[in-house]
Number of protein chains: 4
Amino acid sequence: MIIVMEHQADKRHIDRVIEEVRRLGYTPHPIFGTDRTVVACVGDERGKDRIQTLDGLPGVEAVVPILKPFKLAGREAKPEKTVIDVGGVKIGGKEIVVMAGPCSVENRQQVLDTAEAVKAAGAKILRGGAFKPRTSPYDFQGMEEEGLKLLAEAREKTGLKIITELMDAHHLELVERYADIIQIGARNSQNFFLLKAVGKSAKPVMLKRGMSTTIREFLMSAEYILAQGNYNVILCERGIRTFETYTRNTLDLNAVPVVQKLSHLPIFVDPSHGTGRWDIVAPMSKAALAAGADGLIIEVHTKPGEAVSDGAQSLKPSKFRELMDDLRALAVPLGREVAPAEAEA
Amino acid sequence: MIIVMEHQADKRHIDRVIEEVRRLGYTPHPIFGTDRTVVACVGDERGKDRIQTLDGLPGVEAVVPILKPFKLAGREAKPEKTVIDVGGVKIGGKEIVVMAGPCSVENRQQVLDTAEAVKAAGAKILRGGAFKPRTSPYDFQGMEEEGLKLLAEAREKTGLKIITELMDAHHLELVERYADIIQIGARNSQNFFLLKAVGKSAKPVMLKRGMSTTIREFLMSAEYILAQGNYNVILCERGIRTFETYTRNTLDLNAVPVVQKLSHLPIFVDPSHGTGRWDIVAPMSKAALAAGADGLIIEVHTKPGEAVSDGAQSLKPSKFRELMDDLRALAVPLGREVAPAEAEA
Amino acid sequence: MIIVMEHQADKRHIDRVIEEVRRLGYTPHPIFGTDRTVVACVGDERGKDRIQTLDGLPGVEAVVPILKPFKLAGREAKPEKTVIDVGGVKIGGKEIVVMAGPCSVENRQQVLDTAEAVKAAGAKILRGGAFKPRTSPYDFQGMEEEGLKLLAEAREKTGLKIITELMDAHHLELVERYADIIQIGARNSQNFFLLKAVGKSAKPVMLKRGMSTTIREFLMSAEYILAQGNYNVILCERGIRTFETYTRNTLDLNAVPVVQKLSHLPIFVDPSHGTGRWDIVAPMSKAALAAGADGLIIEVHTKPGEAVSDGAQSLKPSKFRELMDDLRALAVPLGREVAPAEAEA
Amino acid sequence: MIIVMEHQADKRHIDRVIEEVRRLGYTPHPIFGTDRTVVACVGDERGKDRIQTLDGLPGVEAVVPILKPFKLAGREAKPEKTVIDVGGVKIGGKEIVVMAGPCSVENRQQVLDTAEAVKAAGAKILRGGAFKPRTSPYDFQGMEEEGLKLLAEAREKTGLKIITELMDAHHLELVERYADIIQIGARNSQNFFLLKAVGKSAKPVMLKRGMSTTIREFLMSAEYILAQGNYNVILCERGIRTFETYTRNTLDLNAVPVVQKLSHLPIFVDPSHGTGRWDIVAPMSKAALAAGADGLIIEVHTKPGEAVSDGAQSLKPSKFRELMDDLRALAVPLGREVAPAEAEA
């Protein structure tokens, strides 16, 4: 932390700041400039929150944070990339892993058909929501345990792993029983109670970035999970809120190389929610790969026009298969790889 | 909903859209323009989500929502203003109600001193967090039940009502036992599971607007609570995320008259979190009143420099008292009133 | 500037930074912390841009700017408030000055009628665009000199001063010939060539904040004008771009007390463009006053439904008169005043 | 346009709207729904601004624009992609064209060295600013004509074409004399006077997206240039303003496929300004290609640490050469190509 004093701060104000810094357990380093004084504070990186409050002291113009506040999620703590093993599927390694499936689990046929289709195209993990966060209380809220069972049946039939969203700690045990990866949605990215709960789970967690969460805060949310002992966290950029209205969200691919630089955790991209438009999912998926993403999570629906949620952003299986072929070719010059497709029937 | 077809959409695409609209239970009204065709869909306002998915059909350029999606929270359902009675304190009436107190409950002395001070200045409700949502897992997380007990003690001593934040449904019973009003924080404004839980509570709820929540979504979150039978919802604008960095958030006072127009629920303003700077809390409090707010929630700390959280945005009791005096005078030409201060000792 | 070194930066990287800082004419103050080193740079506040580029040196994690970059616009240079005299109308003093009139000058009748109406209600300055910045090239672009003449005629008839927008330095002489105050619009708030041009004018300038301009950048744009010798600059907050779509822009009233704190220049508010909705212009005008604004600029149109531009945000004369009455009453407890209305005919 | 009436709008209000729509030259199509009435307006797509003002009529809830407002820039007017020939360099074709060079022209050596280096790596066009838009009036403002001459000398020596920014119409003739492509910067993207001026130029124009310009407005700015007869417009995404602070701007790659869908004009990406960090320029350049960009404009400086502007986002020649090699390989699976590098000396 650097405390910047006002232009003509009194000596007594400066002394007071120095004394308070010391009282809080940090070592103050005053620097007397031509124009004003700044006080650098040296000490333990965590818990610096109290220094921020010195902002309120007379003569203080600003308190400027300097250092990265995350510890376990940062590259400094662990320089090498984290690779997470989900029943044999390696996440964060050379292979780009694709998760695909419907937004919501709607019925048995839909889940099984979609699972077969995405598996054939090269996906490794099936996505599908059984608990759905919906803006309106009058919209479909998910099939709950019935939906989880259908996902498990699809896993048995296809060998795909499954990822599904947990909306409340109350359902943790239930979701753990079925899911291979627990997803925390964007709206819960700062639901700290829920983050702590999955931090105690033995299952890997995919944490989505909140709609107005900075990259720094995103990593702090991951830190909540890691701090409880669960190191298997996959980050996922899924679009942020901006003034642009043509796309539902603004998929922020800048977050991919930034996260790769700051953190050792794998970073995925969700181009379906990130753009809200199926017609740009393909180019943005390719862009995500080129930006360095470790994987993608894509909405696929056998009949988008009949989807109970997010049909506008879902790909049909045939489009998804084409996209997977393109990604496979693109991975080569990037030094990555995408799993092969099965021969078409 | 209005479905806009592409410039030269085929007749067969238009027919398909008309058929799908009918299949979804709405009455299609095609309008054949000089340049393109639009299909207006008439029917039940709720659950129109499925029409949105027609976006995916060939020949469709856009699906444009037209109507307000909230039902119970809207003025159309209930034109007259809602007044909530919290043990005799009327919220949403002529009187502007001020809630004040520390960000976090830290210790007995702090809570009791602050309670006495804000009461003397004219506040009616004491705020104080016992469960704290913090960006970092290494920051102070709140005194939990111990803190709730201190708030209750302050209530006994001063007669103030108390408001405190609930972060997870798991603690609902505990918080209900102590609080007069349950607060749902900005980070949980779309934690739908939690909204449903407090929707079943007998206690009034103050719902804060999320940092990137539109006004429409904010009212939909209120709708979640109302739809469960709890009609005692107080809305609270507390700043949104923008590109501006001088203030911690951008307090969006436009939301006050907009909410007043769309909804019958009382709307409060939190200038402390909304700006993050104690030095502009006073002018923004006045501005909130002038914009039509039904009340304010303000952070007051006897020693801001020693606060464990948000000291930079807390007022000292003396500044708070001055502000209350100013608000009292300002209320007169606005046709409102603010409770009198007690004579200074 | 503070240069923050990486966690385990080499001594040779630190030495290189120190040497570069010295080469750029600043005095380096290295601070060796437990965890990393920071180098504070002391020297002339302006032109620190070159230090920012040290960001590119090996071992450097971040370069953090500390001080306010504006000089003439800042309170440090001139603590007392600037009052601008526009032919007897004092801007920035105790009186809150209201500018009002149509978005665009459309015809003689409209201008004269509106001028009479706003004058009768207590406005001191007539606004009206003769050159119009329009998003579409197919929209009405303004009456140009013909419009300026109509404004001048209205001035003669009513005694109101006039403010009108200058869109290009090419028209400066023409606009200077007619206007009492030259307005620089939001889209030109960083058109530095234009700012320099009006910096050499003898006429006062109203500078609107750009839609995505931070308060700091806004003051830097004012600095461009002041640096050329024109000290008569009125700032105007007129709404910023955010994710919220219910209002056309998000009127950022926080900017009012922040500007008052940082700068001695008068600050106005434009609630018409700032919200884009006539139905919330009145509450937001009151809120602007309460936040401390020195004046307002409001769109008034005798027939909003027939306006060639921005009819949706224009008040009718009768609503404007009511608003002025409300503002007059509100000014009293704020220690300000608003000019009296004329008796109604 | 669709006009949505209020819930219980009077028949006389509806009739008034219908009459006004007709008066404005459009054909009204009222649709009487179960819950409320909407009036669709059919007619000429341009100049619909006046219908927007019906918003002000009693009983009207909202006026919703439906159709794309641009005409010449849109795919509907011209389905096939525009290819611009800049002295033999084809922009918008199969080849991905890279423009590179320093932010500002600083001196002869710098320009010539950088030109040689970027040419050797495969760039086709040299960028360099002679007129610089700077936030502070105290920062370096550019070498002006002296700088243009140095760029021209570099063109003679290397055969590269040159692109440079025009900040004011006043300098148009001067810049035209030297530049092969005229650049309009982000801060001038809605400087409509300047857009009209370059619309009459015979030189191709690169139009940068403004920091808070929607894609729709961006295309409307291009429309300004096209409407004057200059069809050689290259669009350039360069980052938008959001709440994220880690990157200087948020490079919005979503704009690439969206623009490709809506418009026939070539779309470039500027990852240097778009991110403000040289260390993520390479991954974001690759991502831009994969998203479908027609080219890139990248800042390269022989000594970033000594650059007078934007050193923090400039690549060294060696890094640029590596990036060009990577882009060349990446272009193959995308069905594009990048010019070969020259053999290293």
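Residues numbered from 1 in each chain as written. Chains lettered and ligands numbered in written order. Predicted model: local features only at pLDDT ≥ 70, side-chain atom pairs only at ≥ 80, totals over all residues.

1. Here's the deal with the overall build of chain A
Here comes step 1: Along the backbone of chain A there are eleven helices and 15 strands.
Here comes step 2: Overall, chain A is about 80 × 45 × 40 Å in size when its C-alpha atoms are taken along their principal axes.
Here comes step 3: Out of the 345 residues belonging to chain A, those deemed buried represent 62%.
Here comes step 4: Counting contacts in chain A only where the partners sit at least 6 residues apart, residues at least 24 apart contribute 66% of the total. (Helix = DSSP H or I, 4+ residues; strand = E, 2+ residues; numbered from the N terminus. Buried ≥ 20, exposed ≤ 12 C-beta atoms within 10 Å, placed from the backbone. Contact = placed C-beta atoms within 7 Å.)

2. Re the interface of chain B and chain C
Here comes step 1: Each partner contributes to the interface: chain B provides 35 residues, whereas chain C provides 35 residues.
Here comes step 2: Looking at the side of chain B that touches chain C, the elements with two or more residues in it are α7 (215-226), α8 (255-262), α10 (281-291) and α11 (317-331) of chain B.
Here comes step 3: Ranked by the residues each element gives to the side of chain B that touches chain C, the list is headed by α10 of chain B, at seven residues.
Here comes step 4: Of the residues in the side of chain B that touches chain C, the class split is 20 nonpolar, nine polar and six charged. (Nonpolar A, V, L, I, M, F, W, Y, C, P; charged D, E, K, R; others polar.)

3. Observations concerning the relation of the copies chain D and chain C
Here comes step 1: With an RMSD of 0.0 Å, the operation that places chain D on chain C is a rotation of 180 degrees combined with a shift of 0.0 Å along the axis. Taken together, the rotation angle and the small translation identify this as a two-fold axis. No C-alpha of chain D approaches the rotation axis more nearly than that of S212 of chain D, which lies at 2.9 Å.
Here comes step 2: When the interface residues of chain D are mapped onto chain C, 100% of them are again interface residues, pointing to one common binding face. (Least-squares fit on C-alpha atoms with pLDDT ≥ 70 in both.)

4. Brief notes about α10 of chain B
Residue and element names in this part refer to chain B.
Here comes step 1: Summarising burial for α10: eleven of the eleven residues are buried, a large majority.
Here comes step 2: Here α10 has its buried residues at V281, A282, P283, M284, S285, K286, A287, A288, L289, A290 and A291.
Here comes step 3: Following α10 by one or two positions, G292 has its phi on the positive side, about 110 degrees.

5. Side note on the pairing of strand β14 (residues 295-299) of chain A
Residue and element names in this part refer to chain A.
Here comes step 1: The buried fraction of β14 amounts to five of the five residues, a majority that puts the element mostly inside the structure.
Here comes step 2: Alternating positions in β14 separate into two faces, G295, I297 and E299 on one and L296 and I298 on the other, with burial throughout.
Here comes step 3: Examined bridge by bridge, strand β7 (residues 95-101) and β14 share five bridges and lie parallel to one another. The partner of G101 across the bridge, within β14, is E299.
Here comes step 4: In this structure, strand β13 (residues 267-269) lies alongside β14, joined through two bridges in parallel fashion. When the sheet's bridge partners are listed, V269 is paired in β14 with L296. (Pairing = 2+ DSSP bridges.)

6. Thoughts on the relation of the copies chain B and chain C
Two chain copies, one operation linking them: a rotation about an axis together with a shift along it.
Here comes step 1: Between chain B and chain C, the superposition needs a rotation of 180 degrees and an axial shift of 0.0 Å, giving an RMSD of 0.0 Å.
Here comes step 2: With an isologous cut-off of 70% or more, the 100% of interface residues of chain B that recur at the interface of chain C puts this contact in the isologous class.

7. Describing the interface of chain D and chain C
Here comes step 1: Facing 45 residues of chain D, the contacting portion of chain C comprises 45 residues.
Here comes step 2: When contributions to the side of chain D that touches chain C are tallied by element, the ones reaching two or more residues are α2 (49-52), α6 (192-199) and α7 (215-226) of chain D.
Here comes step 3: Considering each element in turn, the side of chain D that touches chain C owes the most residues, four residues, to α7 of chain D.
Here comes step 4: By residue class, the composition of the side of chain D that touches chain C is 19 nonpolar, 14 polar and twelve charged.

8. Regarding the sheet that holds strand β4 (residues 60-64) of chain A
Residues and elements named next belong to chain A.
Here comes step 1: Strand order in the open sheet formed by four strands is β2-β3-β1-β4, with antiparallel pairing between adjacent strands. Lying at the two open borders of the sheet, with one neighbouring strand each, are β2 (27-32) and β4. Direction aside, neighbouring strands of the sheet carry axes that sit 20 degrees apart on average.
Here comes step 2: Here three bridges tie strand β1 (residues 2-5) to strand β3 (residues 37-42), and the two strands are oriented antiparallel to one another. Paired with I2 across the strands is A40, a residue of β3. (Axes fitted to C-alpha atoms, helices over the stretch in contact; angles between N-to-C directions.)

9. Let's talk about the packing of helix α3 (residues 108-121) of chain D against helix α11 (residues 317-331) of chain D
All names here are of chain D.
Here comes step 1: Two elements in contact, α3 and α11, have axes separated by 9 Å at closest approach and are oriented at 20 degrees. Accordingly, the angle class assigned to the pair α3 and α11 is roughly parallel. Relative to α11, the crossing made by α3 is right-handed. Between α3 and α11, the residues in contact are A117, V118 and A121 and P317, F320, R321 and M324, respectively.
Here comes step 2: A class-by-class count of the residues in the contact of α3 with α11 yields six nonpolar, no polar and one charged. (Parallel < 35°, antiparallel > 145°, perpendicular 65-115°, else oblique. Left-handed = near helix turned anticlockwise from the far one by under 90°.)

10. Points about the environment of V111 of chain D
Residue and element names in this part refer to chain D.
Here comes step 1: Inspection of the secondary structure puts V111 in helix α3.
Here comes step 2: Sequence separation between V111 and E153 is 42 residues, and the spatial gap between their C-alpha atoms is 9.0 Å.
Here comes step 3: When sequence neighbours within four positions are dropped, the list of residues in contact with V111 reads V105, G128, L150, L151 and A154.

11. Focus: the nonpolar core
Here comes step 1: Within the largest apolar cluster, 364 residues are counted, with the highest numbers of intra-cluster contacts made by L235 of chain A, L235 of chain B, L235 of chain C together with L235 of chain D.
Here comes step 2: The residues touching L235 of chain D, leaving out its near neighbours within four places in the chain, are L207, F218, A222, V259, L265, P266, I267 and F268 of chain D. (Core = buried A, V, L, I, M, F, W, Y, C linked by C-beta atoms within 7 Å.)

12. Comments concerning the confidence of the model for chain A
Here comes step 1: The predicted model of chain A has a mean per-residue pLDDT of 90, with 94% of residues at 70 or higher.
Here comes step 2: For this predicted complex, the interface confidence score (ipTM) comes to 0.88, while the overall pTM stands at 0.89. (pLDDT = per-residue confidence, 0-100.)

13. Things to note about helix α1 (residues 11-23) of chain A
Note on helix geometry: an α-helix contains 3.6 residues per turn, so any two residues three or four positions apart are oriented the same way.
Residues and elements named next belong to chain A.
Here comes step 1: For α1, spanning 13 residues, the distance from its first C-alpha to its last is 18 Å, which sits close to the expected 18 Å at 1.5 Å a residue.
Here comes step 2: Along α1, the residues classified as buried are I14, V17, E20 and V21. For α1, the arc enclosing every buried residue in end-on projection is 125 degrees, short of the 170-degree limit, so these residues lie on one face. Facing away from the buried surface of α1 by more than 90 degrees, the exposed residues are K11, R12, D15, E19, R22 and R23.
Here comes step 3: Looking at the residues trailing α1, positive phi occurs at G25, about 95 degrees. (Expected span 1.5 Å × (residues − 1). Arc of directions from axis to C-beta.)

14. Quick notes on the sheet that holds strand β2 (residues 27-32) of chain D
Residues and elements named next belong to chain D.
Here comes step 1: In spatial order, the strands read β2-β3-β1-β4; together these four strands make up an open sheet with antiparallel pairing. Of all strands in the sheet, those bounded by a partner on one side alone are β2 and β4 (60-64). Strand-to-strand twist of the sheet, defined as the mean angle between neighbouring strand axes without regard to direction, takes the value 20 degrees.
Here comes step 2: As paired elements, strand β1 (residues 2-5) and β4 share four bridges and run antiparallel to each other. In the sheet register, I2 faces β4, and the bridge partner there is V64.

15. With respect to the environment of L327 of chain A
All names here are of chain A.
Here comes step 1: Inspection of the secondary structure puts L327 in helix α11 (residues 317-331).
Here comes step 2: The buried category is assigned to L327, around which 25 C-beta atoms lie within 10 Å.
Here comes step 3: Sequence-wise, L327 and P340 are 13 residues apart; in three dimensions their C-alpha atoms are separated by 11 Å.
Here comes step 4: With residues near it in sequence (within four places) discarded, L327 still touches S285, K286, L289 and V338.

16. Examining unusual backbone geometry
Here comes step 1: The phi torsion at E144 of chain B lies on the positive side, around 55 degrees, for a residue other than glycine.
Here comes step 2: Relative to the assigned elements, E144 of chain B resides in the loop between β8 (125-127) and α4 (145-158).

17. Observations concerning the domain arrangement of chain A
Here comes step 1: Domain annotation for chain A reports domain 1 (2-64) and domain 2 (84-338).
Here comes step 2: One C-alpha centre belongs to domain 1 of chain A, the other to domain 2 of chain A, and the line joining them spans 44 Å. (Domains from an automatic or database assignment.)

18. Notes on the environment of L226 of chain A
Here comes step 1: When you line up the elements, L226 of chain A lands in helix α7 (residues 215-226).
Here comes step 2: Separated by 126 residues in the primary sequence, L226 of chain A and A100 of chain A place their C-alpha atoms 26 Å from one another.

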